Each structure stands twice: as C-alpha cells, then as structure tokens.
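# Examining the three-dimensional arrangement
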Amino acid sequence: MKKVKLLSTLVAFSIMLAGCASSANPQTPAATSAGTDTAAATAAPVKKNLTVAYSEGGTTLDPAEANDLTSDTLVLAAYDQLVTYGIKTENGASIANTEDIKPMLAESWEVNADNTVYTFKLKSGVSFQSGNPVDAEAVAYSFERVAKSSSGSFLYGMASIKSVAVKDPSTVEVTLTNANHNFLQILAMYTFSIVDQKTVEAQGADYLKTNAAGSGPFKLTKWDPATEAVFTANDSYWQGAPSLGKVTLKFTKEASNRVLLLGKGDVDMAIEIPPKDVSTLESNSALTVASNASNRILFFAMNNKVKPFDNVKVRQAINYAIPYDQLLSGVMYGQAKQMKSAVASNTPGFTDAGYVYEYNLDKAKALLKEAGYEKGVDFDFTLGSGFDDWEDDAVLIQAELAKIGVNMKINKLARAQFLEQQKTNNLTSYISKWTSFVNDPGYHLGFLLYGKGSSNYINYQNAEVDKLWEQANLETDTAKRTELYKQAQEIITTEAPWAYLYEYNRIVGMSNKISGYAFYPDEVIRFYPLSITE
C-alpha cells in the first residue's frame, strides 16, 4: 500500500510540474493546446434557452404548404434555403434587406445573358440533420414539391420557374419562363426550403406535415399546436452550432397573457403585442421593445362587382369618410402610419401620387350624390375575429358613415369562417391585413390587385393596371420597372378599390439580455443569430 501511495504521490507531483510547465511556456503548441482544452472543458459556457410567446400554434411543418406566421417560423428554424437575405441597419435597428441576396446552401450562382437560366453550385460537405448529404437531387426534389403544392405553387409560378435540372451532385440549373427580377427574392422564402428527400421518401408523403427534415440550425423535438413547440440546437450545423441550447414557442392566444408573461420574465420574447401595451412594456427596465415600420398593411376592402361598390364614386366617398387620425392615435396608439398607396411606403417603388383622401365628410356626401346615393345607402360589412384593432376601426368607420347617410351593417365571423368567406370573392366589404414577404410592388400587386391575382378577393379589374404589371414583370431595367409600378399604383389609388387605413409597426417585446434580433418583412424571427447574456 505504501508503494502504491508513493507512486500516486509521484504521479500527482509530476502532473503538477507538467501543469506548471504548460503555464510557463505558452509558446509550446502542444502544452498550450492541452492547457486551452482543459480550461475550455472547465469553463465551457452553458447554453441559454429561449422561450417565446406566440399567439397561434401553426398548422403544418411542411415548407411547401406553410402560410401562417407560426408555421413559417417553425420551418425556418429547421430548414435552410439556397439563398437568404442580407441585413442592413436603419435608425440603429437591424433590418433584413430583401434586395440583397446572400448565398446559403448555394455557394454561388451564374445567370445567362437573358436572365432566364440560373446555375447554382452547392456548398460542399453540408448535411441534413439525418446525416444525408444536401445535394442537387434534394434541391430538385424540394422544388418539385413546391410546384405540386396547394399553397406554394402560386409562388412557383410567380418566380417564373419553368424547369429544374440536376447537372451533377453539386450543381442544379433552374430555367425560367422569362426574366424575373423577383426570382432570387422568392427563392429565399421558407417555401423553397430544401428538404431531405431520402428521409421523406422513406417515411411517407405525409411525414413533413408533422415532422421536420431539414439541414437547419435547430432540431424539432416537440410540436403540439395547442401548447408549445420545442427545438434543440443542431450542434453539427454547417454554419456552426447555435448559441441557444433550446428554443420553446409557447402558444398563448390572449394578447394580454403574452404581455403578462413577458412582463414577469416567464418568457424571453413575445410577439403580437397590442399597441396600447407598448408604453407599459417600455417602462420595464428589463425589457426592450422593438417597434419597426413594417410593410404589413390594413385596408378597407370593397367588392368592386357588388353594389354599391361597383361605382367608383361610392368607393371614393368611403375613402373621404375614414377618420384616419382617430385610427392612428385612438386605436393604434401611434404604432402605425397612414397608408397612402396600395403598397407600403417602405416598399421600393412606392408612390403616393393620386392620393387625395383626407377626412372630408362634405366631399364624401358630394360624391355619393354624384353616384346617385343622395338619400343614403346600406351595405354589409364582415368583421373577422382575432384582432382588437379591426373591431375598433369598424366601429369608428361605421359612426362616420352614419353621418353621411350610409348604414354599414357589421356582421361578425370567427376568423376561420371569415377566411373561408373571403376566398369566395363574394363578401361585400371587410377589413383585411396583408404582409408581402418579398418587399417588391410586383409581388405585392401580383397577389392582391392584378386581375388574375390569387388573393384579389374584391374582384378589382383594370386592364391598364394588368398591362403595366405584366410589362414591369418582364422589365430588366430597374428604373423603367419602377416607373411602370408607379403608374399602376396611381391608377389604383384613383379608382379606390380599397380605403387605405394604415401600415403597422411590427412590435416585438424581449428581454434586455437578448442580442442578435433583426426584423424581416415576413415577420418571422430567425433564432439562429440570437443569443442570451447573463
């Protein structure tokens, strides 16, 4: 026993000497490396976990079918795309620049002379979370799923994609039907996430509805749309392990509860903060409130094929009767901006040319008289549930219209029913919001006010607007394209298919310990850049 004890003492003494030698000679690579590893092992930081309060739990995890904020957020946590958006700084805030396209899974790309063939070279050594390689076959498979999807197929067409061809395991060629200046911007959307073909084919067609198969920074470990979704860090992520160890999305329908949870520190971030609560949260020294001008708009929609709104003078009269100042101050508490075009004012190519609709009831009455409604008129208005400001707006507008003999009958519908009714193109009038994920007038107008737009629910048809939109879509000269979009905006504003209400600020409340937050036009929070300090 004594020999053993003596030997242990000598070994310990030798180790101590070795340790002293390492510290005394930092230029010795091996000794320095050993010392650094030991220190790192001892002081390895424990990753922080992030909890975020969302209003809704999402509907699908399938990138090609996702089209609500929570579903989109879940997809972007688990998947990568070929390209992504750059970041710029405005007024001290980090904001995505959707016109600045950066490589992601694509290392580089080349474009032919007429801008109709894009050849993407994939980064080497990138794997899905399953371990399968991210290759050109997976890219082609992912694009094919979008083309066949019920939700993303319209975007596939809007991107003008004609065909996708695998040239070799790391090269894929995308051919367009025509030059399209929005192609790369659309490609950066969650819809075009690259999915793990081998995993999906092995698991079956419905696998992606409730599971993730991406190469992204976080692995999905739980998704219950009624309660929460949980992601853990993908420590093998090709861009480096995330700073966060776990991200939990708590689904909390009531806005007041989200505000309460944030104020108490029970969650680290909360979205969909009511404007009336912003000042209270701002007074909490432990919190930061990011309130960024977004391109989310709110408009009073009038069905252009239904009386009395088939008459342009009636639509213009409604525009003159909107109490804009009351909406901005009394309803939105200054967390919004008056809307003066069919596109938001921070959209490239925006113009307020043709906007004349300041609050003026005398002008509204005169227009109604010219339209043959001197004795007044009744119409139905459908109010979808879920947004307090919409209800307040509707009540205020109803009161103003009553002053000029217009009876606006408010019919309330649950959110899901409202959305179903809206898609029939038969609602007489309603309030609706819209966010263009690609901040471009072509994308925005193409959905909402182009004659064949998939979301043109108020039947607005103008041959000149359609012609201008189609010409702009093909125009490669930015200045000429912008001019065409401006002409289209002016015609739309004059014809007033909507009454423009306001442009929302995007409000996110968060702990002061969070850094790395950037605002994106699609309003999806990217978790990978986030970190939490002590």
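Refer to the structure printed above.
Per chain, residues are indexed from 1 in the order of the written sequence. At least 70 in pLDDT is required for a residue's local features to be given in this predicted model, at least 80 for side-chain atom pairs to be given and counted, and no such filter applies to totals for whole chains, interfaces and linings, which use all residues. Excluding hydrogens and water, the side-chain figures rest on all heavy atoms present in the structure.

### Quick word on the nonpolar core
Among buried residues, those of type Ala, Val, Leu, Ile, Met, Phe, Trp, Tyr and Cys that are joined through side-chain atoms within 4.5 Å constitute a nonpolar core. Residue burial is assigned from relative accessible area. The probe radius is 1.4 Å, only protein chains are included, and a residue is buried under 20% of its type maximum, exposed over 50%, and partly exposed in between. Counting residues in hydrophobic clusters, the biggest one holds 151 residues, and the most contacted among them are L82, F120, F300, W498 and F527. Labels follow the DSSP assignment, with helices taken as runs of H or I lasting at least four residues and strands as runs of E lasting at least two, numbered in each case from the N terminus. Among the elements that line this core, the one with the most residues is strand β17 (residues 498-511), at 8 residues. The residues touching F300, leaving out its near neighbours within four places in the chain, are I318, F379, F381, I397, M408, S429, Y430, I431, P497, W498, A499 and L501. A53, V259, L287 and I507 belong to the second largest nonpolar core, which has 11 residues in total. Contact criterion: two residues are considered in contact whenever any of their non-hydrogen atoms come within 4.5 Å of each other.

### Some details on the environment of A414
By secondary structure assignment, the location of A414 is in the loop between β15 (406-413) and α15 (415-422). Distance from A414 to S385, taken between C-alpha atoms, is 5.1 Å for residues 29 residues apart in sequence.

### Regarding the side chain of T175
By secondary structure assignment, the location of T175 is in strand β7 (residues 171-176). The exposure class assigned to T175 is buried, which follows from its relative accessible area of 18%. Every residue in contact with T175, bar those within four places of it in the chain, is listed here: T116, V117, S160, I161, K162 and S163.

### Details of the packing of helix α12 (residues 324-331) against helix α14 (residues 388-402)
Interaxial angle, 0 to 180 degrees, is taken between N-to-C directions of lines fitted to C-alpha atoms, where a helix line uses only the stretch in contact. The interhelical angle for the contact between α12 and α14, taken along N-to-C directions, is 150°, at an axis separation of 10 Å. Considering the relative orientation of α12 and α14, their crossing is right-handed. Together, Q326, L327 and V331 of α12 and D389, D392, D393, L396 and E400 of α14 make up the contact between the two elements. Side-chain classes follow a simple rule in which Ala, Val, Leu, Ile, Met, Phe, Trp, Tyr, Cys and Pro form the nonpolar group, Asp, Glu, Lys and Arg form the charged group, and the remainder, Gly included, forms the polar group. Class assignment for the residues of the contact of α12 with α14 results in 3 nonpolar, 1 polar and 4 charged. The sense of a crossing depends on the near helix, which, turned anticlockwise from the far helix by less than a right angle, makes the crossing left-handed and, turned clockwise, makes it right-handed.

### Concerning helix α9 (residues 255-264)
Of all the positions in α9, only A255, R258, V259 and L262 are classed as buried. Summarising the axial view, the buried residues of α9 lie within an arc of 100°, below the 170-degree limit, and thus occupy one face. G265 sits one or two residues past α9 and shows a positive phi near 80°. Regarding the arc, it is the one traced by the directions from the helix axis to the C-beta atoms.

### Focus: the side chain of T199
Its place among the elements puts T199 in helix α7 (residues 197-203). Within the local environment of T199, its side chain forms a polar contact with the side chain of D196, the two groups lying 2.7 Å apart. Discounting residues that sit within four places of it in the chain, T199 has contacts with S130, N132, Y207 and A213. Residues adjacent in sequence count toward polar contacts only when both atoms are side-chain atoms; beyond that, a polar contact is any pair of N or O atoms within 3.5 Å, and within protein one must be able to donate a hydrogen and the other to accept it.

### Examining the packing of helix α11 (residues 312-320) against helix α13 (residues 361-370)
Here α11 crosses α13 at 165°, and the two axes come no closer than 8 Å. Between α11 and α13, the angle falls in the class roughly antiparallel. With respect to the hand of their crossing, α11 and α13 are arranged in left-handed fashion. Contact with α11, carried on its side by K313, V314, Q316, A317 and Y320, involves L361, K363, A364, L367, L368 and E370 of α13 and no other residues of that element. Classifying every residue of the contact of α11 with α13 gives 7 nonpolar, 1 polar and 3 charged. Oblique is the label for every angle not falling under 35 degrees (roughly parallel), over 145 degrees (roughly antiparallel), or within 65 to 115 degrees (roughly perpendicular).

### Remarks on the pattern of salt bridges
When a carboxyl oxygen of Asp or Glu is within 4 Å of a side-chain nitrogen of Lys or Arg, the pair counts as a salt bridge. For the structure shown, the criterion picks out 19 salt bridges. Across the salt bridge formed by E391 and K412, the nearest N and O atoms sit 2.7 Å from each other. With E391 in helix α14 and K412 in strand β15, the pair connects residues that are 21 residues apart, well separated along the chain. On the basis of relative accessibility, which here comes to 34%, the residue E391 falls in the partly exposed class.

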